[in-house]
Amino acid sequence: MEEEQDFKSVRGLTRSEALYPRLPLINPETNLRQDGRHTSNIRPIFLQTGIRQGAKGSAYIELGTTKVICIISGPKDLPKKVDFSTTGLLSVEVQLVGGKVPERDVTLIKECLEATILLDKFPKLILEIYLTIMEDGGSAMSACITAAGMALLEAGIPLFDTLVGSTLLYDGKDFYLDPTRQEIEVVDLTDQEKNDKGGGLITMGYLPSREQICLFSMEGKMGPLVLDSAIDVLTQTNLQVYSVVKKQAAHLLVQEEDDPAENTN
Amino acid sequence: MAEILLSEVEKYYLVMGQDVRVDGRSRSDYRQGDIDLNAVTNSHGSIRARLGETDVIVATKVDLGTPDPDRPDRGTIKFLVDCSPTASPDFEGRGGDELAEKICRILSIAYDKSGTIDLKNLCITPKKYCYVIDVDILVLQCGGNLIDVISMAVKLCLGICELPRVTGLRYDLGQGVPVFSTDEFEFDYLDVKNSPVVVTLPRVGRYFVVDASLEEESCSKGKLAFGVTPDGCVTSIDKLGRGCYQVKSIQAATAMASTVGANVNNTINMRIDSLRELKLRADPKPLSMPMDI
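Predicted model only: the values in this text are computed from it and were never measured.

Enquirer: What is the right way to read the interface of chain B and chain A from this model?
Expert: Many descriptions give the size of an interface as the accessible area lost when the pieces come together. Taken residue by residue, the interface counts 41 residues in chain B and 39 residues in chain A. For the pair chain B and chain A, the summed buried area comes to about 3,400 Å², and 50% of that belongs to carbon and sulfur atoms. Inspection of the chain B/chain A interface yields two salt bridges. Asp238 of chain B is the salt-bridge partner of Arg104 of chain A, the closest N and O atoms lying 3.4 Å from each other. At the boundary of chain B with chain A, the tally comes to nine residue pairs in polar contact (both at pLDDT 80 or more). Looking at the side of chain B that touches chain A, the elements that each hand over two or more residues are α2 (94-112), β14 (234-240), β15 (245-246) and α5 (247-280) of chain B. With seven residues, the top contributor of residues to the side of chain B that touches chain A is β14 of chain B.

And the structure:
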């Protein structure tokens, strides 16, 4: 009877447990995470700028299997249908290849960028920021803002500070930094029986030299004290990400000195 | 929000952040409010909540549906917010929709992702039938602190929502179809003891204030919305509006939201119990009680 019921639904669209087994967060043999990291380690970050010729600014970031491209164009004149504005405007588009990004994440990224960019420097203009998540292997939102921060640096848009982001997963016992998608799926926040001890997913955007938080999103269930220490851990992580961004930004400066012709353009 | 005219002196007083606010409250005090029971008669439970000038109606409707294939053993709760243009001139056109979307988002994360409400109780037969609770929220008047009032009203409303009891399964061509009791007094309540209420903390000047009025909201750059359970755990944090916060001030806001939210949530739980008792009395008059937080 069970079979009879099931032939109507398209089976191919459901994810198979055999192909994607839900492994525990910590591998009991090695006492490390499934990808061989410590709980407090982030994945190696690959960051590159200038990936698209002709764009004002562009950046590509890779965190494990998470791959994000950011392209910036503008600032350009406001379209006729948009009302006059004394500060600059932002248009942020986030695309996920083969999926849809929740409206909530887009708003969070946009509000975070609005807090980072000196919008009063370009009145009556609009800056367009296109983010494409080529693959979401977990922590895509923090990858997005780090990429956007890097691309803004390359574009030379006036900023309050460089922008970095990181993500933390809490399973009731430990903090897992920069979680992969598999790890996020293992911690099922909706299950009440498993969720007695709490659990949560926090994304934080940070301006390192001003020590300001410009993006903060949390879901799950955490006590206030645990949350406090999670914020401290995330701040430290963001400084680690910042060291990578800083290296890449220094690289940008060297490139400009090498090629004075490009500078005058 | 609506256009608010404030003199320089008033603005200065608001931003200076005295512990005595314009209406005499301290920073962590709520305004007076009251609750009406069953404001909408043809629903499975409805609440009209007022706090200060803010006025909302929340109504629940219970339906039979099929569970989400990813979560075959759970029912669903859906939220729909309607910010009517009569509530505030800002809700005309697209303005209301954006705010409504934002509130829906906060509520569904607070209820869906935290595991504080056991959605398994809403399942009738796994994979086939479950209760679907539609929560409709109508904003009648927006007088500041809208999100908190809505979340309180939603919790109250889910607490008094009557789920028709399933008496058995009728087998039709080998498929079990649930049969509901015909007695209107046979129903179950949903356990919402642990579900969160939202505490929004706008930063006015150098401090975070609880239950801000429209005037205070107009003087703040950004807000933090916390979902808080009765034991003081935080279930969601959203940053609304542009504006940055220092690490320390976010931590201070978390501590404040946790104590204030636990207090409010326990009061709401008490109100749910007394509303359930009130309903048992056969009294045709509209039932109402003070909120008293």
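Still more ground to cover, so stick around.
Enquirer: What's the story with the sheet that holds strand β7 (residues 125-135) of chain A in this structure? I'm lost.
Expert: The strands that make up a sheet pair up through hydrogen bonds in the backbone, lying either parallel or antiparallel. All names here are of chain A. Pairing within the open sheet is mixed, and its five strands lie in the order β3-β4-β5-β7-β6. Looking along the sheet, the strands with just one partner apiece sit at the ends: β3 (45-49) and β6 (89-96). Geometrically, the sheet is characterised by an average inter-axis angle of 15° between neighbouring strands, direction not taken into account. Bridge count between strand β4 (residues 57-63) and strand β5 (residues 66-77): seven bridges; the pairing is antiparallel. Each bridged residue has a counterpart across the sheet, and for Ala59 the counterpart in β5 is Cys70. In the packing of helix α2 (residues 103-116) onto the sheet, the strands contacted are β6 and β7, and the crossing angle to β6 comes to about 145°. Packed on one face of the sheet, helix α3 (residues 140-155) meets β3, β4, β5, β6 and β7 and runs near 40° to β5.

Enquirer: I'm lost on the packing of aromatic side chains in this one. Help?
Expert: Given two aromatic rings, one states the distance between the centres and the angle between the planes to describe the pair. As enumerated under the stated definition, the model contains six aromatic pairs over all chains in all. Ring geometry for Phe46 of chain A versus Tyr60 of chain A: centroids 6.2 Å apart, planes at 70°, classification edge-to-face. In this pair, Phe46 of chain A is assigned in strand β3 and Tyr60 of chain A in strand β4, connecting sequence segments 14 residues apart. Phe46 of chain A gets classed as partly exposed once you look at its relative accessible area, which sits at 42%. With 5.6 Å between their ring centres and 45° between their planes, Phe79 of chain B and Tyr111 of chain B make a pair best called tilted. Of this pair, Phe79 of chain B sits in strand β4 (residues 76-83) while Tyr111 of chain B sits in helix α2, and the two are 32 residues apart along the sequence. Taking NZ or CZ as reference, Arg27 of chain B lies 3.8 Å from the ring centre of Tyr207 of chain B, over its face. One Lys or Arg, Arg203 of chain B, reaches over the ring of Phe208 of chain B and ends 5.0 Å from the middle of that ring.

About the cut-offs
- Every chain is numbered independently, its residues counted from 1 as its sequence is written.
- Written order determines the labels here, with chains lettered from A and ligands numbered from 1.
- Only residues with pLDDT of at least 70 are given local features in this predicted model, and only at 80 or more are side-chain atom pairs given and counted; all residues enter the totals for whole chains, interfaces and linings.
- Side-chain measures here rest on the full set of heavy atoms in the structure, leaving out hydrogens and waters.
- We call two residues contacting when some pair of their heavy atoms lies within 4.5 Å.
- In short, buried area is how much 1.4 Å probe accessible area vanishes from two parts on joining, totalled over both.
- Every case where a carboxyl oxygen of Asp or Glu lies within 4 Å of a side-chain nitrogen of Lys or Arg is listed as a salt bridge.
- Any pair of nitrogen or oxygen atoms within 3.5 Å is treated as a polar contact; in protein, a donor-acceptor pairing is required on top of that, and neighbouring residues in sequence qualify only through side-chain atoms on both sides.
- Counting from the N terminus, the helices are the DSSP runs of H or I reaching at least four residues and the strands are the DSSP runs of E reaching at least two.
- When DSSP finds at least two bridges between two strands, those strands are taken to pair.
- Here the axes come from fitting lines to C-alpha atoms, over the contacting stretch only for helices, and the angles between their N-to-C directions go from 0 to 180 degrees.
- Here a Phe, Tyr or Trp ring, Trp counted by its six-membered ring, pairs with any other such ring whose centre lies within 6.5 Å, and the pair is stacked when the planes are under 30 degrees apart, edge-to-face when over 60, and tilted otherwise.
- The buried label goes to any residue with under 20% of its type's maximum accessible area, the exposed label to any with over 50%, and the partly exposed label to all in between, with areas taken from a 1.4 Å probe on protein chains only.
- In this analysis the charged atom, NZ for Lys or CZ for Arg, is taken to sit over a ring once it is within 6 Å of the ring centre and within 35 degrees of the ring normal.

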